[in-house]
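So the chains spell out like this:
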Amino acid sequence: MLKERMRKIFGSKVFYIVFSLLASMTIWLYVAYVENPNVTVSVRGIKVEFINEDYLTDRSLVITKTNYDTVSLNLLGRRNTVSQLTNSNIKITADLSVIKSAGVYRVPYTVTYPIDINPASVTITGRSSDNISVTADSLVTKDIQVRATYDGGVAEGYQAEPIEVKPDTISVSGPKEVVSKISNATVTVLRENISKTVEDDLPVMLVDENGRQVTSDKLVLSQKTVTVKIPVLKVKTVPLTVNLTPGAGADNTNTVCSITPSDISISGDSETLDSLNQIVLGTIDLSQFLTSTTQTFKIALPNGTTNLTGTTEATVSVTINGLDSKHVNATNIQVSNVTDGYTATVVTTSMDVVLRGKTAALTNIAPDNIRIVADLTELGATTGIYSVLAKVYVDGDSTGIGAVGEYKITVAMAKS
């Protein structure tokens, strides 16, 4: 029974297949590791490592091109030795210290095996290249202008000021051939319809004189981003006006005021302009002229705003309508507030006073209704002859009547 079963096993097709495989493997292992014959293997894609690149920097040089980044080798040696070699444990180094100036060089390279591999046990029978072709260029540094562009527009009622770039110049170091092509650096602001100040840190792009981008992994920038600011201000048209001080029967009801220009356009921050409804040029005293006056005022702007119109002065014309005038020779001239211990003698004995008011009211005014009074407080303890301002009073039924212009009298001061 057992013999029959064994006969069937050893006589089966499966047995012969398994036996053949085991026999073949045994023979291969014997040949490979007992006999250990010489074999040739190909190792591809061994990365080239450049050493002593610092020497190039010291000589103001930079590598711009190499013909090979990897090398392939055909290696002859004992099977159990060369079978261990791969493109990750073989090291290829090219020494750049042989390069002294700009140009094209054929740099030899060195092959290094793992520490447990005897270099004498491996022979290089073929290689994809006997050396590495290296192109070196002069290393230069150039200062270039940074220019920012924006074409997204601003919202209605706002104005964009010139773009500010900080820093506005950066330095670029790299191969002379590449750096010489660079005209400037550009920064693009990608915004639309802005209504407030924009400030961003944005990347720069190097371009040539035709606006084409210049790129190279050999370029080194002093900084890759710059700060770009677009100041945005609100724009507003603001009317101009003046304050009219009533006097001598005239007020806002009987005056006509015209201002040229009547308004100006200004820009500034929203908070300032939102609260600004008019610009007051100044004050005109209606008692200081008879029928009309024309005066020029400087246009004073609030802090932080800009006059977009460009006009710096405005002309104001004021005309008084519906009033009549009358000349009265006044002789009632007095002084007040004379300092104790001093006496004041009025030198002026009469003065022509111009009155303005409604015609009917002026008819009833006589010279004895007029008093001219000078306040001498400011003279204090002084002596001598002085010209001082005096105020005209109209007594009686004088509603709507007043003196036009400025009046002075002469007084002599002396100690009592």
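Residues numbered from 1 in each chain as written. Predicted model: local features only at pLDDT ≥ 70, side-chain atom pairs only at ≥ 80, totals over all residues. Heavy atoms only, no water.

**Considering the overall build of the protein chain**
Of the regular secondary structure elements, the protein chain holds seven helices and 31 strands. A compact globule built from 416 residues should have a C-alpha radius of gyration of about 22 Å, whereas the protein chain, at 52 Å, is more than 25% larger. Counting only C-alpha atoms and orienting by the principal axes, one finds that the protein chain spans roughly 165 × 65 × 45 Å. Burial statistics for the protein chain: of 416 residues in total, 33% are counted as buried. When contacts within the protein chain are restricted to residue pairs at least 6 apart in sequence, those whose partners lie at least 24 apart make up 76%. Surface summary for the protein chain: the accessible area is close to 24,500 Å², and the carbon and sulfur share equals 50%. Both charge centroids of the protein chain, one from 36 positive and one from 41 negative side chains, sit 20 Å from each other. (Helix = DSSP H or I, 4+ residues; strand = E, 2+ residues; numbered from the N terminus. Rg over C-alpha atoms; globule rule 2.2 N^0.38 Å. Buried < 20%, exposed > 50% of the residue type's maximum accessible area, 1.4 Å probe, protein only. Contact = heavy atoms within 4.5 Å. Areas by Shrake-Rupley, 256 points an atom, 1.4 Å probe, with all protein chains shown as cover. Lys, Arg positive; Asp, Glu negative; His and termini not counted. Charge placed at Lys NZ, Arg CZ, Asp CG, Glu CD.)

**Regarding the sheet that holds strand β21 (residues 292-298)**
With antiparallel pairing, three strands are arranged side by side in an open sheet as β18-β23-β21. At either end of the open sheet lies a strand with only one pairing partner, and these are β18 (255-260) and β21. Direction aside, the axes of adjacent strands within the sheet are offset by 20° on average. Across seven bridges, β21 lies against strand β23 (residues 313-320) in antiparallel orientation. From the neighbouring strand, Gln295 faces β23, where its bridge partner is Val316. (Pairing = 2+ DSSP bridges. Axes fitted to C-alpha atoms, helices over the stretch in contact; angles between N-to-C directions.)

**Some thoughts on the layout of surface pockets**
Looking at the largest pocket, its volume works out to about 400 Å³. Along the wall of the largest pocket there are 17 residues; nearest its centre are Ser287, Lys391, Val392, Ala403 and Gly405. For the lining of the largest pocket, the elements supplying multiple residues, two or more each, are β29 (384-394) and β30 (402-403). Looking at which element gives the most residues to the lining of the largest pocket, the answer is β29, with six residues. There is about 180 Å³ of room inside the second largest pocket. Along its surface, the second largest pocket is lined by Glu53, Leu56, Thr57, Leu61, Val62, Ile63, Leu139, Ser173, Asp217, Lys218 and Val220. (1 Å grid on protein atoms, 1.4 Å probe; cavity = no way out; pocket = protein on both sides within 12 Å on 5 of 7 lines; lining within 4 Å. Points joined across faces, edges and corners; volume = space filled by probe spheres on them.)

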